[in-house]
Amino acid sequence: APTMMQVHWMYAFYYHNLQQQDKEVTSYLEALEIAKTYYPGTDIEIGLLQNIGAIYSAQEKYAEALPYFEEGLKKVNGDGLKADMLNNIGEIYYAEEDYEKGLPLFEEAFSLYEKVDDKGKMATTLVDIGKYHDHNEQFERANQVYGQALQLVQENDANAFFPYIYHGIALHYQSRDD
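The sections below set out a description of the structure shown in this document. (Residues numbered from 1 in each chain as written. Predicted model: local features only at pLDDT ≥ 70, side-chain atom pairs only at ≥ 80, totals over all residues. Heavy atoms only, no water.)

Some words on the environment of Trp9
- Residue position: Trp9 is located in helix α1 (residues 2–17).
- Residue class for Trp9 comes out buried when judged on its relative accessible area of 19%.
- With 31 residues separating them in the primary sequence, Trp9 and Pro40 have C-alpha atoms 16 Å apart.
- Those residues in contact with Trp9 that sit more than four places away from it in its chain are Tyr28, Ala31, Ile44, Leu48 and Asn51. (Helix = DSSP H or I, 4+ residues; strand = E, 2+ residues; numbered from the N terminus. Buried < 20%, exposed > 50% of the residue type's maximum accessible area, 1.4 Å probe, protein only. Contact = heavy atoms within 4.5 Å.)

Encoded structure:
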């Protein structure tokens, strides 16, 4: 059965490359059923939960995505992966405009990324925190947070994160009609 799990996982990658998300998620779900039997609570199961949640989230099927992220959060052990799950859940609450639930999740994720010294994810999480401040019309606070994100990226040669940071800053100024 573990071999069948790998086959389903490979099919999921195949369907991902073909941009066939429904088949991709079906393959991941089949792999997840096997992982729950043979690899319960491991990074394999947690990774599958995260992948399934990410697909549903990308499809804006937030009610379907949330249980997978929440289940993964309950099972995760490492701080970095826990922060990823918190971020994913925070993004769902942001998309659903439930700002009071989402902001604390991003703040906790930031603390965990700081603990594992992941500067790139710290920066992107600061952008997510800034978006919450923008929606609460706390523009000065948002501006400070975006500045922190930009400084983190600049000081740590995390150039891959510049597009996300600048996109967040652009949205910040758009929300202010600047």
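Moving on, there is more to tell.
Observations regarding the packing of helix α7 (residues 119–135) against helix α9 (residues 162–175)
- Across the interface, α7 lies against α9 with an axial gap of 9 Å and an inter-helix angle of 10°. The angle between α7 and α9 places the two elements in the roughly parallel class. Residue-level contacts link Ala123, Thr124, Val127, Asp128, Lys131 and Asp134 of α7 to Tyr164, Ile165, Gly168, His172 and Ser175 of α9.
- Of the residues contributing to the contact of α7 with α9, the split by class is 4 nonpolar, 4 polar and 3 charged. (Axes fitted to C-alpha atoms, helices over the stretch in contact; angles between N-to-C directions. Parallel < 35°, antiparallel > 145°, perpendicular 65-115°, else oblique. Nonpolar A, V, L, I, M, F, W, Y, C, P; charged D, E, K, R; others polar.)

Quick look at the nonpolar core
- Membership of the largest hydrophobic core comes to 52 residues, with the highest contact counts inside it found for Met5, Tyr28, Leu48, Ile52, Leu126, Ile129 and Ile165.
- With 8 residues, the top contributor of residues to this core is helix α6 (residues 99–115).
- For Leu48, the residues in contact, after removing those within four places along its chain, are Met5, Trp9, Tyr28, Ala31, Leu32 and Ala35. (Core = buried A, V, L, I, M, F, W, Y, C linked by side-chain atoms within 4.5 Å.)

Quick word on a nonpolar patch on the surface
- There is a patch of nonpolar side chains on the surface, built from Tyr11, Tyr14 and Leu18 and spanning about 320 Å² of accessible area.
- By the secondary structure assignment, Leu18 is in the loop between α1 and α2 (21–38). (Patch = residues over 30% accessible without salt bridge, like charges linked within 9 Å, V, L, I, M, F, W, Y side chains within 5 Å. Areas by Shrake-Rupley, 256 points an atom, 1.4 Å probe, with all protein chains shown as cover. Salt bridge = Lys/Arg side-chain N within 4 Å of Asp/Glu carboxyl O.)

A closer look at unusual backbone geometry
- Within the chain, Gln19 stands out as a residue other than glycine whose phi angle is a positive 60°.
- Within the secondary structure, Gln19 is located in the loop between α1 and α2.
- Among the residues examined, Gln19 registers a relative accessible area of 71% and is labelled exposed.

Some details on the layout of surface pockets
- What the largest pocket holds in volume is close to 170 Å³.
- In terms of lining residues, the largest pocket is bounded by Gln50, Asp84, Asn87, Asn88, Glu91, Tyr113, Lys121, Thr124, Thr125, Asp128 and Tyr164.
- Mapped by element, the contributors of at least two residues to the lining of the largest pocket are α5 (79–95) and α7.
- Of the residues that constitute the lining of the largest pocket, the class distribution is 2 nonpolar, 5 polar and 4 charged. (1 Å grid on protein atoms, 1.4 Å probe; cavity = no way out; pocket = protein on both sides within 12 Å on 5 of 7 lines; lining within 4 Å. Points joined across faces, edges and corners; volume = space filled by probe spheres on them.)

A closer look at the packing of α7 against helix α8 (residues 139–155)
- Between α7 and α8, the least distance of the axes is 8 Å, while the angle of their chain directions is 165°. Overall, the two elements α7 and α8 adopt an arrangement that is roughly antiparallel. Note on packing geometry: the crossing formed by α7 with α8 is left-handed. Taken together, the residues of α8 that come into contact with α7 (itself represented by Lys119, Met122, Ala123, Leu126, Val127, Ile129, Gly130, Lys131, His133 and Asp134) are Phe139, Arg141, Ala142, Val145, Tyr146, Gln148, Ala149, Leu152 and Val153.
- A breakdown of the residues in the contact of α7 with α8 according to their chemical character gives 12 nonpolar, 3 polar and 4 charged. (Left-handed = near helix turned anticlockwise from the far one by under 90°.)

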